[in-house]
Amino acid sequence: MAVTKDPRLGSSAANLIAGAADLRLSGDKEALATLAERELQPNRGIPLNLDWVENIRVNTSAVERRAQTLVTRRTVKKDWQVAWLLRAITCMDLTTLSGDDTDERVRRLCAKGRQPIRQDLVKLLGSESLNIRVAAICVYHSFVETALRALEGSGIKVAAVSTGFPAGLSPLDERVTEIRRSVEAGAHEIDVVITRAHVFGGRWQALFDEIATFKAACGNAHMKVILGTGDLLTLRNVARASMVAMMAGADFIKTSTGKEAVNATLPVGLVMTRAIREYAQQTGMAVGFKPAGGIRTAKQSIEWLALMKEELGASWLNARLFRLGASSMLADIERQLEFHATGRYSADYRHPIA
Amino acid sequence: MSVTEKFLSMEYGPAPEDPREVLVWLDRHARKLGHFIGGAFRPPAEGVYFDTVDPSTGEPLAVVAQGSAADIDAAVKAARGALAEWQSLTPHARARYLYALARQVQKHSRWLAVLETMDNGKPIRESRDLDIPLVARHFYHHAGWAQLVPQEFPGYVSCGVVGQIIPWNFPLLMLAWKIAPALATGNTVVLKPAEFTPLTALAFAEICQEVELPAGVVNIVTGDGSTGEALVKHPDVDKIAFTGSTEVGRAIRKATAQSHKKISLELGGKSPFIIFEDADLDSAVEGLVDGIWLNQGQVCCAGSRLLMQESVAETLIGKVRERMSTLRVGPPLDKAIDIGAIVARVQLERIQRLVDQGVAEGAICWQPSLTMPSRGLFFPPTLLSNVHPTSTVAQQEIFGPVLAAMTFRTPREAVELANNTVYGLAASVWSESINVALHVAAQLKAGVVWVNSTNLFDAACGFGGYKESGYGREGGREGLFEYLEPEWFKRAPRLETKPKAIDQPRDQDIESAVPPIDRTVKLYIGGKQARPDSGYSFEVRAADGRLLGEAPLGNRKDIRNAVEAARKADSWARTTAHSRAQILYYMAENLSQRAGEITGRLAAVVGKEQAHAEVRLGIERVFSYAAWADKYDGAVHNPPFRNIALAMREPVGTVGIVCPADMPLLGLLSLVMPALTMGNTVVAIPSETYPLIIGDLYQVFETSDLPGGVVNMVSGRCDELLKVLAEHNDVDAIWSFVGEASSVAAKSLSVGNLKQVFSDEGRAIDWFSIEQGEGRWFLHHATQVKNIWVPYGE
């Protein structure tokens, strides 16, 4: 299908608005978030505004300094830490993206997603009523159906990585077809990757069109746009790409595929969350954020939550607007929770693996 | 509140640091601490103690000794007694002690941080992550200097016994800034910590015991202002180093005027925080958090004046307010607190009073609705907008978490507003254009300029102010000079001054007994020969009493005009060093052409031999300073961050110079030339013995392309003119080389704008000697170091 020739794609605002209407039809009427007491709506995208892209200023040293001190300015202890770690679980996209994935492996992961913490611990922590489970299971397209079946009735979303993940360099129509197939298969969320070359070349229109095309193909599925920040390298590039992705209709912007040499770092997260804030202030629309890759410890999950709370506010601290893309972090959180519940340090083997 | 509720609220909750170890330490001392004198704790001579209080709770932590004059005397005696042994150690041995202090501070870092926070009220995050690591860094860095000083500062010796007085805002850090360089350069110390925050200094005293620092090398005497006064006035103290208010700094300058105490002052500030439209605004706002809300704003270099480019002002104010709303005010021992307690009630009241006054003057006060602690001394982060340069809150140092916001239109106006203050401690400049940032940084009158950053400190970089923010630097090579003196100068004999009264002025037309001189010497002001305002002249006689001629009798108005002309000529500072050198070389050339006639005239006053020597060496000296023009350059420091810290040597400004009486030509050139070559403008008062020298000199200056106003010369009664110069608020430094009385006058009369004073201290200087009469010592005084921090990275 000749998607690139579709006349709607040049200026995709119209079909983005159509997409937003679908969202409204799906019953999402209340404000998605608030920022400085202003109610924010889900992102419908806006026409590409090059001024916003060009006016972006990012001072790397200052951003690094803020990232460095942000985590020393905030900490949570005791029951609060338990609460935050539980919250981190509910924001987790439990992920498996390996060449050796199998249906059985995915089912195991889904089972873990449904029951991320040992039942006795849940009881000890007094968190039964919270029904803690992960936000989504993130897999390759081939495992969407498996995951959907395994998660039935749990409310856990299925996310498929798409568009030639992780390089994103296959022909555009193939990438779009990939999205459609996953959506047709029932994936709730599609994690797409951008063509990094568009960023290096400053081809913002091309980047915008590409993402808008992906968005159109996603239909009602939520689109997370992976910027590949480890490839983009400079924070200025990250900020510009974030802005273009949001204008093109991203529901989430996501740092990395997990396959780049450098994955989610706090400075990158800071730049992306500030871009989200800027976009929200300008448009009244809220975009979610997903750091992914390299997030392995309970402490990191709290740092990311603190970054979200500090830069975007408490209304971003839920799965609708925040996801942690991780595979091994859960194990560390479980150990920490057991320590809190029992006062004794834990060991990996005491917690069922995914 | 259950885990479930916490899960839903996602509040931070309390995260208290455990104070137990500190309480154990206080109890071990029975909550009563004496002075640390001669290596041991001892009770105060008069038996008086006072409370030191945790400002976040109001609870007393301990009682400490109130230092009396007797205690200070005992401490100074101990320091004096320890001096010889301390100085007889090898540099390496002293380095080992400083290294041990650094290690010991690191080993006890958390204990010191907690103690600091409890006594001062600052957030534990700051004492833990900023204060204490910098303390250790300072001792490490200076352990290195201890080893290298003899090699790197040949010809310099330590001052001796140093009295140090530190403030309450960074108690242990300021102690480190004072003690580390003093010990590294071979001095011994009597330190008085601030009345509100004496505890970490006493903890440090214990650390001195632990590393077995020789007794008496460091002495700590606690107390209030009167204790400090006793230290300042003690006759056996060789140097006073002070950090604190400009008001007290002035008092110290005055109190030490009669003595030969070397002083360094690090005083107040009202530092600008300049944000250009092309800045990373979010980062700039974050910079403000570190700038004005660090340590509750109780920071001498706090970025308390926000200057925003008009085009982004509204956006910025919005961003600032939003950021303020996420600040957390609370118990300082909580690890997730941004703003702790104000140090004392009197300070809290002062902040409130100034904010009230600001509002009364029309400022709009905005404070976020934050949860404030129910007890203790706290002040919410405060933004004052609709503030103008005329507002009290834009001029006065508030020393609290209060930001005063103003706008500017162009970079030029930003600089003008930034410099529109009596202070000159620090500044922050935010712009993504390196051109804008460095152009502005170069023009700011401040000792430290942070580009796209703020409140960065390091032991390798000098810190200190311009104008009424004090003089001297702390940190780096430039800071060590405060604790060193040229060896020859310390030993120089007393300068015998024969009082040389100018006879009653005479009307210029009065016929003299000898044949009339065929030239009229005038004053030299703004590049023009000017008649004195008074219309009087005074006689100048040869050694044998013969009348040589008449010199114009300058008065206060002539000085006023000369200073005005000097100020107008300040583009001299921006002339390239190469051009300045060319002009100096040209002067030497022209001087040499007139050597014969100048020698002849001078010989009548100082004798043939001296006249020859003065002219010959004078030419050499001008050559020498022409050579220095582009060689006395700055440095690039190495702080442990990814950035370049440029230590630029800048001219001090307009320098008033009172020239030696007995060396009319060489003395004047030896002082005027170093000032000139570094880009200062000068108002010189020539030798009272032979003021006619100016007639020869201005002809040389005029023929050497020296721009008008760069050097001005006003002859007359030295004492009278010195007074006017010293008191003039638009003169930046006063150099007095005519003996003890004038030196004292220069020091005590210059307190109005805290001029930098450079004087002979009443000692005789051998102007014929190169070691004494020229070189780095003079250049050091002709410049001040501005550290420009430029973090980089993409």
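Parameters and conventions
Residues numbered from 1 in each chain as written. Chains lettered and ligands numbered in written order. Predicted model: local features only at pLDDT ≥ 70, side-chain atom pairs only at ≥ 80, totals over all residues. Helix = DSSP H or I, 4+ residues; strand = E, 2+ residues; numbered from the N terminus. Rg over C-alpha atoms; globule rule 2.2 N^0.38 Å. Buried ≥ 20, exposed ≤ 12 C-beta atoms within 10 Å, placed from the backbone. Contact = placed C-beta atoms within 7 Å. Axes fitted to C-alpha atoms, helices over the stretch in contact; angles between N-to-C directions. Parallel < 35°, antiparallel > 145°, perpendicular 65-115°, else oblique. Left-handed = near helix turned anticlockwise from the far one by under 90°. Domains from an automatic or database assignment. pLDDT = per-residue confidence, 0-100. Core = buried A, V, L, I, M, F, W, Y, C linked by C-beta atoms within 7 Å. Pairing = 2+ DSSP bridges. Right-handed = clockwise from strand over helix to strand, strands pointing away. Expected span 1.5 Å × (residues − 1). Arc of directions from axis to C-beta. Nonpolar A, V, L, I, M, F, W, Y, C, P; charged D, E, K, R; others polar.

Draft legend 1. A look at the overall build of chain B. Counting its regular elements, chain B contains 28 helices and 33 strands. Whereas a compact globule of 794 residues would reach a radius of gyration of roughly 28 Å, chain B reaches 28 Å, a difference of no more than 12%. Seen through its principal axes, chain B has C-alpha atoms that stretch 105 × 60 × 45 Å. Counting all 794 residues of chain B, 59% fall into the buried class. Excluding contacts between residues fewer than 6 apart, the proportion of contacts in chain B whose partners are at least 24 apart in sequence is 74%.

Draft legend 2. Broad picture of the packing of helix α25 (residues 718-727) of chain B against helix α26 (residues 740-749) of chain B. Residues and elements named next belong to chain B. Running from amino to carboxyl end, α25 crosses α26 at an angle of 25°, the nearest separation of the two axes being 8 Å. Comparing the axis directions of α25 and α26 gives the class roughly parallel. Here the hand of the crossing between α25 and α26 comes out right-handed. Here Cys718, Asp719, Leu722, Lys723, Ala726 and Glu727 of α25 come into contact with α26, specifically with Ser742, Ala745, Ala746 and Leu749.

Draft legend 3. Examining the domain arrangement of chain B more closely. Partitioning chain B into structural domains gives domain 1 (20-267), domain 2 (272-464) and domain 3 (557-635 + 650-791). Looking at the side of domain 1 of chain B that touches domain 2 of chain B, the element that brings in the most residues is helix α6 (residues 124-152) of chain B, giving 8 residues.

Draft legend 4. How the structure looks around the confidence of the model for chain A. For chain A, per-residue confidence averages 92 on the pLDDT scale, and 92% of positions sit at 70 or higher. The low-confidence segment residues 1-28 of chain A, where pLDDT is below 50, has 42 contacts with residues more than four positions distant or belonging to other chains.

Draft legend 5. Geometry of the environment of Ala111 of chain A. Residues and elements named next belong to chain A. If you trace the backbone, Ala111 turns up in helix α5 (residues 103-114). We classify Ala111 as partly exposed; it has 15 C-beta atoms within 10 Å. Along the sequence, Ala111 and Ile137 sit 26 residues apart, while their C-alpha atoms lie 10 Å from each other.

Draft legend 6. Inspection of the confidence of the model for chain B at higher detail. Residue and element names in this part refer to chain B. In the predicted model, chain B carries a mean pLDDT of 95, and the fraction of residues at 70 or more is 97%. Confidence over residues 504-512 falls short of pLDDT 50; this stretch has 9 contacts with residues more than four positions distant or in other chains. With a pTM of 0.94, the predicted complex shows an ipTM of 0.93.

Draft legend 7. Just the nonpolar core, in detail. Among the nonpolar cores identified, the biggest contains 296 residues, and Ile137 and Val225 of chain A together with Leu98 and Ile274 of chain B are the most heavily contacted of them. At 11 residues, helix α7 (residues 171-184) of chain B tops the list of elements feeding residues into this core. Ignoring any residue separated from it by four or fewer positions in sequence, one finds Ile274 of chain B in contact with Leu307, Ala414, Ala418, Ala427, Ser428, Val429, Trp430 and Val440 of chain B. Within the second largest apolar cluster, 90 residues are counted, among which are Met673, Val683, Phe701 and Trp735 of chain B.

Draft legend 8. A look at the pairing of strand β15 (residues 382-385) of chain B. Residue and element names in this part refer to chain B. Taken together, the 3 bridges between strand β14 (residues 364-366) and β15 define a ladder with antiparallel strand orientation. The residue of β15 that forms the bridge with Ile364 is Ser385. Sheet topology places β15 next to strand β16 (residues 402-408); 3 bridges connect them, and they run parallel. Within the sheet, the bridge partner assigned to Leu384 lies in β16 and is Ala404.

Draft legend 9. Molecular detail of the sheet that holds strand β5 (residues 60-65) of chain B. Residues and elements named next belong to chain B. Read from one edge to the other, the open sheet built from 3 strands follows the order β1-β5-β4, with strand pairing classed as mixed. Unpaired on one side and paired on the other, β1 (32-33) and β4 (49-53) mark the two borders of the sheet. In this sheet, β5 lies alongside β1 in parallel orientation, the contact comprising 2 bridges. Looking across to β5, one finds that Leu33 is bridged to Val64.

Draft legend 10. Just the environment of Glu37 of chain A, in detail. On the secondary structure map, Glu37 of chain A appears in the loop between β1 (33-35) and β2 (38-42). As for Glu37 of chain A and Ile276 of chain A, which are separated by 239 residues in sequence, their C-alpha atoms are 16 Å apart.

Draft legend 11. Seen up close, the pairing of strand β4 (residues 136-139) of chain A. Residues and elements named next belong to chain A. Burial along β4 is two-sided: Ala136 and Cys138 and Ile137 and Val139, pointing in opposite directions, are all buried. When strand β3 (residues 92-95) meets β4, the two strands line up parallel, connected through 3 bridges. Bridge pairing in β4 places Asp93 opposite Ala136. For the segment spanning β4, helix α7 (residues 144-151) and strand β5 (residues 157-161), crossover handedness is right-handed.

Draft legend 12. Looking closely at the sheet that holds strand β33 (residues 783-791) of chain B. All names here are of chain B. Here 10 strands make up an open sheet; going across it, the order is β14-β15-β16-β13-β12-β17-β18-β33-β27-β26 and the pairing mixed. This sheet does not close on itself; its edge strands, each paired only once, are β14 and β26 (635-637). This sheet shows a mean twist of 20° between the axes of neighbouring strands, independent of strand direction. As paired strands, β26 and strand β27 (residues 643-651) are joined by 3 bridges and run antiparallel to one another.

Draft legend 13. Representation of helix α21 (residues 595-606) of chain B within the structure. All names here are of chain B. Here α21 spans 15 Å end to end across 12 residues, near enough to the 16 Å set by a 1.5 Å rise per residue. For α21, every residue scored as buried is listed here: Ile598, Arg601, Leu602, Val605 and Val606. Down the axis of α21, the buried set is contained in an arc of 125°. They therefore lie on one face. More than 90 degrees from the buried face of α21, the exposed residues found are Gly596, Glu597 and Gly600. Elements in contact with the buried residues of α21: α22 (608-628) and α24 (693-702). In the stretch just after α21, Gly607 is the one whose phi turns positive, near 90°.

Draft legend 14. Just the interface of chain B and chain A, in detail. The interface of chain B with chain A comprises 33 residues on the first partner and 32 residues on the second. In terms of residue class, the side of chain B that touches chain A is made up of 9 nonpolar, 10 polar and 14 charged.

Draft legend 15. Quick peek at the environment of Arg649 of chain B. By secondary structure assignment, the location of Arg649 of chain B is in strand β27. Discounting chain neighbours no more than four positions away, the residues touching Arg649 of chain B are Tyr632, Asp633, Gly634, Thr783 and Val785 of chain B.

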